[in-house]
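Topology and contacts: notes
Each chain, written out:
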Amino acid sequence: MKKTLATILFSLILAGNLSAFTELDNLLIAEATTPDLKKIAKEYFSKKAKDHKDLADKYKSLAGQSHGGKATADAAEKEKYKKLADHCEKEAAAYKTQADKF
């Protein structure tokens, strides 16, 4: 039951998060007009990019490990972590691109 709920929640997050940026991120982009605010925005987006890159590395590590159990379940777990890593890398790239704009 918990796995099913987690899978549904994860798929909703991925489906609903077509843009890597949240409402707060978009507001920060719009309001960064002075040099000081642009510096703060750049630091924020750089930090978010680093956090997502670190998370992607963690998921890649988990994808490479054997989690025990049946082969099909283990392969499904590895695929799940691989998808999570890919998603985090895409978000990290989006945040890095935004940070470079400032």
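Refer to the preceding data block for the structure.
Described below are features of the structure shown in this document. Every chain begins its residue count from 1, and numbering advances along the sequence as written. For this predicted model, a pLDDT threshold of at least 70 governs which residues receive local features, and a threshold of 80 or more governs which side-chain atom pairs are given and counted, while totals over whole chains, interfaces and linings are taken from all residues. For the side-chain quantities, the full set of heavy atoms in the structure was used; hydrogens and water were omitted.

1. Examining the overall build of the chain
Helix and strand assignments come from DSSP, with helices taken as H or I runs of at least 4 residues and strands as E runs of at least 2, each series counted from the N terminus. What the chain contains, in helices and strands, is 4 helices and 0 strands. Listed by position from the N terminus, the elements making up the chain come as α-α-α-α. Categorising residues by exposure relies on relative accessible area from a 1.4 Å probe, with only protein chains included: less than 20% of the type maximum marks a residue as buried, more than 50% marks it as exposed, and the intermediate range marks it as partly exposed. Burial statistics for the chain: of 102 residues in total, 22% are counted as buried. When checking whether two residues touch, look at their non-hydrogen atoms; a contact exists if any pair is within 4.5 Å. Long-range contacts, defined here as pairs at least 24 residues apart, represent 66% of the contacts in the chain between residues at least 6 apart.

2. Some points on the nonpolar core
In this text, buried Ala, Val, Leu, Ile, Met, Phe, Trp, Tyr and Cys residues form a nonpolar core when linked through side-chain atoms within 4.5 Å. Among the nonpolar cores identified, the biggest contains 8 residues, and these are Ala 20, Phe 21, Ala 32, Ala 41, Phe 45, Ala 49, Tyr 95 and Ala 99. When contributions to this core are tallied by element, the ones reaching two or more residues are α3 (35-64) and α4 (71-101). Per element, the largest residue contribution to this core is 3 residues, and it comes from α3. In this structure, Phe 21 is in contact with Asn 26, Phe 45, Ala 94, Tyr 95 and Gln 98, ignoring residues within four places of it in sequence. Core analysis: the second largest hydrophobic core is formed by 7 residues, Tyr 81, Leu 84, Ala 85 and Cys 88 among them.

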